[in-house]
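What follows is each chain in one-letter form.
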Amino acid sequence: MDMLDKPSYLRAFDDFLYKPTYLLLCWALTVFANVFGAELFTYTCFVLLFLYLCLCGRDLLPVMPLAICSYIAPSRSSNPGLSNDSLFAFSNGGLYMIILAVLLIAGLIYRLIRDPELGRSAFWKCKRVLLPGILALCAGYLLSGLGSAQLMEVGYRNLLFSFIQAASVIVFYVLLTGLVKWDKAPAGYLAWTGMCVGYVLLAELIFIYFRYGVIQNGIIERTLIYTGWGHYNNIGALLAMMIPFPFFLTGKGRHTGLFYISGLLFLGGVLFTCSRGSMVVGIIAYLTSYTISLLHSRRARANIAIHVFTALVITAIFILYHDELLRLFRDLIGRGFKPGQRDEDYASGWQQFLDNPVFGATFYPVDESIYSWSTSAEFVAFFPPRWHNTILQMLASCGVVGLAAYLFHRVQTFWLFLHHFAGKKMFAFVSMLVLLATSMVDCHFFNVGPVLFYSAMLAFVEKRLDQ
């Protein structure tokens with residue numbers, strides 16, 4: 001449907017989908033699902049929005065926040081890693097979600113067939129600079145374990161898990177690059193999406209603290225920090241990835257103070273996840289993003305009041321609550337950065353690579369029991385525990401072939417950000433570096449949610465910010 005043919009109320013709705021108020025709606029629906037266990041309601045709303053975009057929307061850019069928010073919407077009681085009776089079980093809400101997924105696919109096919117400007121041959125001919133590296137990485141995943149004895153044991157499961165890994169990095173990138181009118185896309189849309197996701201995570205974290213009594217006897221018990229889609233490490237890493245995006249917006253509009261405060265709140269949230277790797281990387285990301293914002297924006301540099309306010313708030317909190325903060329984090333500080341069982345896991349992953357150096361020995365550990373947070377046998381049987389390090393994971397699971405594919409993809413992504421150097425790309429670059437750095441001590445690059453955002457971010461930078 002052409003924009004000129006639409007009634008005025010639909011044109012107004014289309015405009016709404018590209019404004020920050022739409023992200024506020026996404027935030028509200030996601031928090032509602034997570035806090036009240038209303039996932040099916042929220043997912044139904046998201047699917048209806050998606051179908052509208054496929055049938056008569058301008059393009060699919062507004063799908064970006066829907067996809068990320070869908071991942072972080074599940075409530076604590078729906079965590080499939082802790083209960084076989086979660087919402088995602090077929091006997092509960094699984095069948096309904098399959099129906100929603102079928103509607104999503106049908107709507108997408110309709111758009112690809114009926115849209116003469118973005119669909120049909122135009123979609124497949126769309127220039128995608130990063131596609132060679134992404135295809136190589138997907139091939140590396142799908143070839144995982146080829147020729148190994150372990151593949152005979154877990155062949156179907158490994159192929160399906162590898163397919164999920166490949167889909168998480170390629171599908172969103174391909175769809176967004178081809179089905180968005182990038183000349184009309186707001187430059188700040190990615191940043192507003194990051195703000196939305198960051199505030200969803202903050203709301204979820206606050207709810208967890210108050211509802212489940214995370215602070216016990218004045219000390220944070222971080223094992224209680226988990227929700228329907230992950231625990232403290234997952235929340236911490238994804239929230240740390242969002243830290244740079246408020247700073248992107250400091251150069252726009254009159255309310256730069258709001259964005260500096262948002263960045264500070266995101267950092268505070270990361271600290272209260274007690275995820276050690278995310279805390280260290282988050283602090284570096286905050287300081288780096290703050291510095292880039294000062295270099296990138298005259299408006300940001302001119303707002304002396306907010307910089308003084310930020311420094312005073314941090315100083316006052318440290319002085320007034322020094323003892324309380326040390327007590328809160330005492331257990332974490334006492335533990336320091338001891339790797340715990342990771343040393344043994346790294347050794348087993350390296351041995352798996354040495355035994356199967358070309359294509360690895362699948363994503364499933366061979367004759368080793370490595371740490372898994374899940375207590376559901378069915379969940380672990382499909383989602384294997386991982387080696388908490390991207391390089392080691394690629395070597396153990398996909399061998400030198402997989403690692404070579406990953407490095408090819410990595411070279412392409414760095415080239416995207418660093419050639420035609422521009423300050424507006426640097427905030428997304430910092431976000432990507434957060435994912436890569438935290439993935440050196442955890443398995444975030446092999447979790448669907450962070451990679452969905454990463455995939456969307458690459459598409460946005462290539463098609464909008466790199467122009």
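Look a little higher up for the structure.
Everything quoted here is computed from the prediction, not taken from an experiment.

Draft legend 1. How the structure looks around the packing of helix α9 (residues 189–211) against helix α10 (residues 232–242). Direction vectors running N to C along α9 and α10 enclose 145 degrees, while the axes themselves pass 9 Å from each other. Seen from above, α9 lies across α10 with left-handed handedness. Residues Gly194, Val197, Gly198, Leu201, Leu202 and Ile208 of α9 form the contact with α10, whose participating residues are Ile235, Leu238, Leu239 and Met242. Split into classes, the residues belonging to the contact of α9 with α10 amount to 8 nonpolar, 2 polar and no charged.

Draft legend 2. Highlighting the state of the cysteines. Evaluation of the coordinates by the stated rule reveals 0 disulfides. Cys45 takes part in no disulfide bond, and the closest cysteine sulfur, belonging to Cys26, lies 10 Å away. With no disulfide of its own, Cys398 lies 11 Å from the sulfur of Cys138, the closest cysteine sulfur.

Draft legend 3. Representation of the nonpolar core. Counting 124 residues, the largest nonpolar core has Leu61, Met64, Tyr141, Phe445, Tyr454 and Met457 as the members making the most contacts within it. Broken down by element, this core gets its largest block of residues, 13 residues, from α9. Dropping the residues within four chain positions of it, Leu61 is found in contact with Tyr18, Val180, Trp182, Ala185, Pro186, Tyr189 and Phe460. In this structure, Ala33, Leu51, Ala73 and Leu87 belong to the second largest nonpolar core, which totals 8 residues.

Draft legend 4. Focus on helix α20 (residues 390–418). Compared with the 42 Å implied by 1.5 Å per residue over 29 residues, the 22 Å span of α20 between its first and last C-alpha is markedly short. In the structure, α20 departs most strongly from a straight axis at Cys398, where the bend amounts to approximately 130 degrees. Where α20 begins, the capping side chain belongs to Asn389, and its oxygen is found 3.1 Å from the backbone nitrogen of Ile391.

Draft legend 5. A look at the packing of aromatic side chains. Considering all chains together, one arrives at 31 aromatic pairs under this definition. Between Tyr71 and Trp229, the ring centres sit 5.7 Å apart and the planes meet at 55 degrees, which makes this aromatic pair tilted. Taken as a pair, Tyr71 in helix α4 (residues 63–71) and Trp229 in the loop between β2 (219–220) and α10 lie far apart in primary sequence, 158 residues in all. Both rings, one in Phe245 and one in Phe453, keep their centres 5.6 Å apart while their planes meet at 70 degrees; by these two values the pair is edge-to-face. With Phe245 in helix α11 (residues 244–248) and Phe453 in helix α22 (residues 448–465), the pair connects residues that are 208 residues apart, well separated along the chain. Over the ring of Tyr18 we find Arg58, and its NZ or CZ is 3.8 Å from the ring centre.

Draft legend 6. Region of the structure containing the environment of Leu403. Here Leu403 lies in helix α20. Leu403 gets classed as buried once you look at its relative accessible area, which sits at 15%. Taking the C-alpha atoms as reference points, Leu403 and Gly145, separated by 258 residues in sequence, lie 13 Å from one another. Contacts of Leu403, omitting those with residues within four sequence positions, involve Ile391, Met394 and Leu395.

What counts, and at which threshold
Residues numbered from 1 in each chain as written. Predicted model: local features only at pLDDT ≥ 70, side-chain atom pairs only at ≥ 80, totals over all residues. Heavy atoms only, no water. Axes fitted to C-alpha atoms, helices over the stretch in contact; angles between N-to-C directions. Helix = DSSP H or I, 4+ residues; strand = E, 2+ residues; numbered from the N terminus. Left-handed = near helix turned anticlockwise from the far one by under 90°. Contact = heavy atoms within 4.5 Å. Nonpolar A, V, L, I, M, F, W, Y, C, P; charged D, E, K, R; others polar. Disulfide = S-S within 2.5 Å. Core = buried A, V, L, I, M, F, W, Y, C linked by side-chain atoms within 4.5 Å. Buried < 20%, exposed > 50% of the residue type's maximum accessible area, 1.4 Å probe, protein only. Expected span 1.5 Å × (residues − 1). Bend = angle between axes of the 7 residues up to and from the residue. Polar contact = N/O pair within 3.5 Å; in protein donor to acceptor, adjacent residues only side chain to side chain. Phe/Tyr/Trp six-rings, centres within 6.5 Å; stacked < 30°, edge-to-face > 60°. Lys NZ or Arg CZ within 6 Å of the ring centre and 35° of its normal.

Nothing here speaks to function; it is geometry throughout.
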